[in-house]
Each structure stands twice: as structure tokens, then as C-alpha cells.
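Per-entry structural report
One letter stands for each residue in the lines below.
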Amino acid sequence: MKTQKSVKDQYILAKEQYANLGVDTDKAIEKADEISISMHCWQGDDVAGFENPEGELTGGIQVTGAYPGKARNAEELRDDMAMAISMIPGNLRVNLHAIYAETGGTRVDRDSLEPKHFKG
């Protein structure tokens, strides 16, 4: 595939430039693979969640909830996260909040949420 070859060619050039500065990019990538990165579920949908997707954000949060590419449902959020995970080196942890419970449209009080609500 032309794109893959182009990316590899660009990496080879970048690798040479970093080597001139004393940086071993292969070792840097190995080191990055040892670092855990935490991905928060709200990064994919601008903190809207699935409890009240049409509701406005409250509580002084510093986002608008209006990110134009945000996930609109659980499937889109999973797809977006899978894409991000495929491109992020190292170990990943995903933090999932109660607003991302999948309850089939039925309101479930937070103290009644169960693992089945997060199975997806």
C-alpha cells in the first residue's frame, strides 16, 4: 500500500534526523511501550455519556459537549477507542464512568448499576 510505504519512508528520514541529534528512536519506542497510558472514556464524546445524551452539561465542566466528531452512541465510542488504541504504543488502561452504562434506554439508578450494564 502506498500510504504505508510513505509512512515508513518518512519514519526512516525522521529516524536519521533524530540519530544526528543523538536520539535512538528504536529505543525511545521500546521505552514508550513500557509506559502505561490512561484513556478516559469521556475523551471520545466530550463528556456527554449515555445517561442523558440530549441533556446539557452542568457543574462548571470545561467542555462544551459540542465536539463535532464526538461519538453519538456506545458503538461509535468503541470504534473510536479501538482506532485510538491501535495507534497508541504501550500499555493502556481505559477509565469508564457510570454515565457510559448501557441500560437499553431504561433508567437505572447509579446504586443499581451492575457489571452487565458495562458489558459492551
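See above for the structure.
Everything numeric in this text was worked out from a predicted model, so none of it was measured.

Within the chain, the secondary structure is distributed over three helices and two strands. If you list the helices and strands of the chain from N to C, you get α-α-β-α-β. Per-residue burial for the chain yields a buried fraction of 18% across its 120 residues. Considering only residue pairs separated by 6 or more positions, the chain has 57% of its internal contacts joining residues 24 or more positions apart. For the chain, the accessible surface area stands at approximately 9300 Å², while carbon and sulfur atoms represent 54% of it.

With the rule as written, the count across this model stands at six salt bridges. With a shortest N-O distance of 2.5 Å, E76 and R72 are connected by a salt bridge. You can call E76 partly exposed: its relative accessible area is 22%. For the salt bridge of E75 with R78, the shortest nitrogen-to-oxygen distance reads 3.3 Å. One end of the pair, E75, and the other, R78, are both in helix 3 (residues 74-87), three residues apart, so they sit about a helical turn from each other. Exposure remark for R78: the relative accessible area of 29% places this residue in the partly exposed category. Here the salt bridges do not stand alone but share partners, grouping E75, R78 and E102 into one network.

Here T25 shows up in helix 2 (residues 25-32). Within the local environment of T25, its side chain forms a polar contact with the side chain of Y11, the two groups lying 2.7 Å apart. Excluding its chain neighbours within four sequence positions, the residues that come into contact with T25 are Y11, K15 and Y18.

Now for helix 3. The terminal C-alpha atoms of helix 3 lie 20 Å apart, and with 14 residues this matches the ideal 20 Å at 1.5 Å per residue to within 8%. For helix 3, the full list of buried residues reads A74, L77 and M81. Buried residues of helix 3, viewed axially, fall in a sector of 60 degrees; they line one side. The outward face of helix 3, more than 90 degrees from its buried face, is lined by the exposed residues S86 and M87. Residues of helix 3 that are buried make contact with strand 1 (36-40) and strand 2 (91-95). Of the residues flanking the start of helix 3, the one acting as N-cap is N73, its side-chain oxygen 3.1 Å from the backbone nitrogen of E75.

The next point concerns the nonpolar core. Counting residues in each nonpolar core, the largest one holds eight residues, listed as M39, F50, A71, A74, L77, M81, I99 and Y100. With three residues, helix 3 is the single largest residue contributor to this core. Beyond its immediate chain neighbours, meaning those up to four positions away, F50 contacts N73, A74, L77, I99, Y100 and A101.

Turning next to the side chain of H117. Tracing the backbone shows H117 in the segment after strand 2. Within polar-contact distance, the side chain of H117 engages the backbone nitrogen of E114 at 2.8 Å. Non-local contacts of H117, meaning those with residues more than four positions away in its chain, are made with A101, E102, T103, V108 and S112.

The rules behind these values
- Residues numbered from 1 in each chain as written.
- Predicted model: local features only at pLDDT ≥ 70, side-chain atom pairs only at ≥ 80, totals over all residues.
- Heavy atoms only, no water.
- Helix = DSSP H or I, 4+ residues; strand = E, 2+ residues; numbered from the N terminus.
- Buried < 20%, exposed > 50% of the residue type's maximum accessible area, 1.4 Å probe, protein only.
- Contact = heavy atoms within 4.5 Å.
- Areas by Shrake-Rupley, 256 points an atom, 1.4 Å probe, with all protein chains shown as cover.
- Salt bridge = Lys/Arg side-chain N within 4 Å of Asp/Glu carboxyl O.
- Polar contact = N/O pair within 3.5 Å; in protein donor to acceptor, adjacent residues only side chain to side chain.
- Expected span 1.5 Å × (residues − 1).
- Arc of directions from axis to C-beta.
- Core = buried A, V, L, I, M, F, W, Y, C linked by side-chain atoms within 4.5 Å.

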